[in-house]
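Here is what each chain is made of, one letter per residue.
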Amino acid sequence: MSSAKKPLQRLILSALLFLVILPGTLFAQSDPYEAVRNQAYTIATNIVENLGAFSIQYALMSGGEIIVSDTLANSQTVPPFPLDGQTFYGIGSTSKMFTTTAIMLLVDQGKIELDEAVTNYLPDFVMEDQRYKDITVRMLLNHSSGLLGSYLVNLATYHDNATFSRELFFKEMASRPLKADPGAFSVYCNDGFTLLELIVEQISNLSFSEFIRTYITKPLALHNTKTPQDMFDLSNLAKTYRLGKATPPERLNSIGTGGIYATAEDLCRFGDIFMASPSLPEARTFLSDQSKKALRNKEYLRGLWPKQEASIFGYGLGWDSVDLHPFKEYGIQALVKGGDTNLYHGSLIVLPDHNLTFAALTSGGSSVLNLLMGQELLLSTLLANGTIDAIPPPYVLEASKRSQAPQEQRSYAGLYANTTMVVRIVIENNGKLIVTCLTDEQTPPQEYYHTERGSFVDEAGKNHLTFVEDGQGKLYVHMVRIIEVPDLGPNVLTSYEFEKVTLPTPSVHAQEAWEARSGAWYYAVNEGPSSQSYHLMLSTRFLLSTNEELPGFVGTLRIIDEQTAFNEVQLPVLAGRDNALCRIVQKYGKEYLDIGGSLFISERDMEALDTRRYSILATPAGGYARWFITDSRHAGKTMQVVLPESGAFAVYDGQECIHYSTVDGNISVVLPQEGKVMFIGKAAGDLFTVILT
């Protein structure tokens, strides 16, 4: 070898030695996403340590490759348990995108048309309101069907993986009115996706779980995506907690609405099917180009919708938003679907023209937190790969000087309502606007100030309120709210928050009938022994309340007659979701309150728990739960219960459920002085032995 070549050899050997000794340093310098991973870890830590989540799993996929992925648990309140990228989480309403995909696969096969009537595919679906015949498959997907909202009977359970009753669901639908003409506007609606689940089963001759397994999870190799009907190790589910205690596994029986489990990485791979040019081989021909284009359409613009510059909502087919801020400010389309159950929360974000997908799943917390996390990480990823030059500053509502309100604005004062409250709006001459809730005294008044731009703004400048007339006699409160979470990026919610209403004028007898029921709590009776409703005080009882300032109303509901009250507001986006229809019904010689198929009994019709040492009680006719009151005679006594097979009992102290045998086990319980005790079996006549010491 010539001497001229030796220096070159030494140079090459030195370079190779450098690579061997310092590989981490070189690769760290060439990794454009290290900062994104560090940012993800910081945000995730904040979510589990400071923002209410017990654990979080997240992943970010670029071009078919997972570039960010981790799972973290709260260091203080969660005892150690196995937790990794293979841990399953409930994905809540993100399940709706699996339902949407199932429908689009059937569309591609020529078995379904989006603009055909639902009744063409579900002949058993009938409603008293004849407008139901105009509901199309598309309207179910874009939330514009006009259906009232959500059928919740035995929706969320522990342990029990039985699906909802098709017969009971159709029976409940048959007795309901519609809230609006089909297609008039889009407002979030779970029942539409329950119908879509049934359509998939009807057309395919498979159970929904079988269809998902056969045509979606297996072809896409989503090995960690399951339904409650699938066989898998439940110990792989992320632990869930309530009141500081671990709960049994959560099951949602309406799978197409919110019952699927998955991992964050599986959701990212699932998201690849929505890409303009999918990266994963199995995703490239999964959906037709026509279906993918339809899934990106701004469906919310087909009907009434508030004018918006930015918002986290803008419905597509299945999607919560198809033009999420702030991505659209760059001309980048972002598709988003979130999901929240009682215990799990998730968010999926897809950037279809940039082959980027983000998913985050939590036990505890909120899907909004997961959305904000994904928003920040995707912006950082776009910056790192050179797609954008800078991350935009937070959305700011333009400031303006205060001014007096003109007479036209002051004329908008009056009563307004949505599905959760009725408010009075007062507008003073000096421009001050006060919103006072008349149906919940715990809600503090809100104050806004008129500005030279014609809008009303709160003191912090984070909420802008205007009034919008639709030209057909309707008046809406248009609200733009800045959503801010500490150490997470902000976003915006634009909505029609309230609709102006007038006082109804029911008959004297109707008013008196509801006033006689006012002030009483009504407690759930037709949930099963594994239902989560008995574990959640907000779900297990309902307060009927009339108000001297709101004659003709019971709570937020207009009194129709002695037995019926109904929330009739028509609002798009979210404020008009789940319109309640309350009916007083007689069953087995007792009066019950029926709200969308859920039955409740008045506390005034409850007996005191037997004070004898031994007593035996039976589940009443209908197999309903049996409720009892505890008082000073019971306070401090210990109760033991011999349960029938599959039976359960619960004890409440007036504020919370202090013991639920389905969760806490069949152990003795010390009774409170002013509380309730509930016993529920599987059928009428089930016997419970109660022992007091």
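Residues numbered from 1 in each chain as written. Predicted model: local features only at pLDDT ≥ 70, side-chain atom pairs only at ≥ 80, totals over all residues. Heavy atoms only, no water.

A. Just the overall build of the chain, in detail. The helix and strand tally for the chain stands at 16 helices and 36 strands. At 28 Å, the chain has a C-alpha radius of gyration in line with the 26 Å of a compact globule built from 693 residues. Counting only C-alpha atoms and orienting by the principal axes, one finds that the chain spans roughly 110 × 70 × 50 Å. Across the 693 residues in the chain, those meeting the buried criterion constitute 55%. The contacts in the chain between residues at least 6 apart in sequence include a share of 67% that link residues at least 24 apart. With an accessible surface of roughly 28,900 Å², the chain has 51% of that area assigned to carbon and sulfur atoms. Of the side chains in the chain, 55 bear a positive and 76 a negative charge, and the two mean positions are spaced by 3 Å. (Helix = DSSP H or I, 4+ residues; strand = E, 2+ residues; numbered from the N terminus. Rg over C-alpha atoms; globule rule 2.2 N^0.38 Å. Buried < 20%, exposed > 50% of the residue type's maximum accessible area, 1.4 Å probe, protein only. Contact = heavy atoms within 4.5 Å. Areas by Shrake-Rupley, 256 points an atom, 1.4 Å probe, with all protein chains shown as cover. Lys, Arg positive; Asp, Glu negative; His and termini not counted. Charge placed at Lys NZ, Arg CZ, Asp CG, Glu CD.)

B. Up close: helix α7 (residues 191–204). The first and last C-alpha atoms of α7 sit 20 Å apart over 14 residues, in line with the 20 Å expected at 1.5 Å per residue. Residues of α7 that are buried: D191, G192, F193, T194, L195, L196, E197, L198, I199, V200 and S204. Of the residues trailing α7, N205 is marked for its positive phi of about 60°. (Expected span 1.5 Å × (residues − 1).)

C. Quick look at empty space enclosed by the protein. Overall, the coordinates contain four cavities of 30 Å³ or more when judged by the stated rule. The volume enclosed by the largest cavity comes to roughly 50 Å³. Contributing to the lining of the largest cavity are H143, S144, S145, G146, L147, K179, A180, D181, F185, V187 and C189. For the lining of the largest cavity, the residue count by class is five nonpolar, four polar and two charged. (1 Å grid on protein atoms, 1.4 Å probe; cavity = no way out; pocket = protein on both sides within 12 Å on 5 of 7 lines; lining within 4 Å. Points joined across faces, edges and corners; volume = space filled by probe spheres on them. Nonpolar A, V, L, I, M, F, W, Y, C, P; charged D, E, K, R; others polar.)

D. Structural detail: the pairing of strand β12 (residues 414–417). When β12 meets strand β13 (residues 422–427), the two strands line up antiparallel, connected through four bridges. The residue of β13 that forms the bridge with Y416 is V423. Connecting the antiparallel pair β12 and β13 is a turn made up of four residues. In this sheet, strand β19 (residues 488–500) lies alongside β12 in antiparallel orientation, the contact comprising two bridges. (Pairing = 2+ DSSP bridges.)

E. Region of the structure containing the packing of helix α4 (residues 96–108) against α7. For the pair α4 and α7, the least separation of the axes is 10 Å and the interaxial angle reads 40°. In this view, α4 runs oblique relative to α7, as classed from their interaxial angle. Seen from above, α4 lies across α7 with left-handed handedness. Mapping the contact onto sequence places K96, T99, T100, A102, I103 and L106 in α4 and F193, L196, E197, I199, V200 and I203 in α7. Residue composition of the contact of α4 with α7, grouped by class: eight nonpolar, two polar and two charged. (Axes fitted to C-alpha atoms, helices over the stretch in contact; angles between N-to-C directions. Parallel < 35°, antiparallel > 145°, perpendicular 65-115°, else oblique. Left-handed = near helix turned anticlockwise from the far one by under 90°.)

F. Spotlight on the sheet that holds strand β10 (residues 344–351). Reading across the sheet, the five strands line up as β2-β1-β11-β10-β9 and stay open at both edges, with antiparallel pairing between neighbours. Edge positions in the sheet fall to β2 (65–73) and β9 (335–340), since each of these pairs with one other strand and no more. The mean angle between the axes of side-by-side strands here comes to 5°, regardless of whether they run parallel or antiparallel. As paired strands, strand β1 (residues 53–62) and β2 are joined by eight bridges and run antiparallel to one another. Note that in β2 the partner of S62 across the bridge is E65.

G. A look at the nonpolar core. Judged by nonpolar contacts, the single largest core of 119 residues is most densely connected at F125, I199, F270 and M373. Of all the elements, helix α12 (residues 367–384) adds the most residues to this core, at eight residues. Residues contacting M373, with those up to four places away along its chain left out, are A40, I43, A44, I47, I56, Y58, F358 and L488. The next biggest cluster of nonpolar side chains, apart from the first, holds 37 residues, and it includes V525, L544, C582 and M606. (Core = buried A, V, L, I, M, F, W, Y, C linked by side-chain atoms within 4.5 Å.)

H. Molecular detail of the side chain of S93. Mapped onto the elements, S93 comes out in the loop between β3 (89–90) and α4. Here the side chain of S93 touches K96 through a polar contact of 2.8 Å, side chain to side chain. Contacts of S93, omitting those with residues within four sequence positions, involve Y188, N190, T257, G258, K337, G338, G339 and D340. (Polar contact = N/O pair within 3.5 Å; in protein donor to acceptor, adjacent residues only side chain to side chain.)

I. Inspection of the sheet that holds strand β24 (residues 564–566) at higher detail. Here eight strands make up an open sheet; going across it, the order is β21-β20-β27-β26-β25-β24-β23-β22 and the pairing antiparallel. Sheet topology places β21 (541–543) and β22 (553–554) at the edges, where each strand pairs with a single neighbour. Both strand β25 (residues 581–587) and strand β26 (residues 590–595) contribute to a ladder of six bridges, which runs antiparallel. Residue pairing across strands places C582 opposite I595, the latter belonging to β26. Sitting on the sheet, helix α14 (residues 508–517) is in contact with β20 (521–524), β22, β23 (557–561), β24, β25 and β26, with an inclination near 125° to β23.

J. Broad picture of the confidence of the model for the chain. Residues with a pLDDT of 70 or more make up 95% of the chain, whose mean pLDDT is 93. Long-range and interchain partners of residues 1–28, a stretch whose pLDDT sits below 50, account for six contacts in this model, where long-range means more than four residues apart. (pLDDT = per-residue confidence, 0-100.)

K. Representation of the packing of helix α6 (residues 166–174) against α7 in the model. It is at 12 Å that the axes of α6 and α7 come closest, and there the two elements cross at 130°. Classified by the angle between their axes, α6 and α7 sit oblique to one another. In the crossing of α6 with α7, the sense of the turn from one axis to the other is left-handed. For the pair α6 and α7, contact is made by R166, F169, F170 and M173 and by D191, T194, L195, L198 and Q202, respectively.

L. Spatial organisation of helix α10 (residues 264–271). Extensive coverage of α10 is indicated by the burial of seven of its eight residues. The complete set of buried residues in α10 reads A264, E265, D266, L267, C268, F270 and G271.

M. View of the pairing of β25. Burial analysis of β25 places five of its seven residues in the buried class, the great majority of the element. By the bridge criterion, three bridges tie β24 to β25 in an arrangement that is antiparallel. The residue bridging F566 from the neighbouring strand is L581, located in β25. Remark: two residues form the turn of the hairpin made by β25 and β26, two consecutive strands paired antiparallel; Y588 in that turn has positive phi of roughly 55°.

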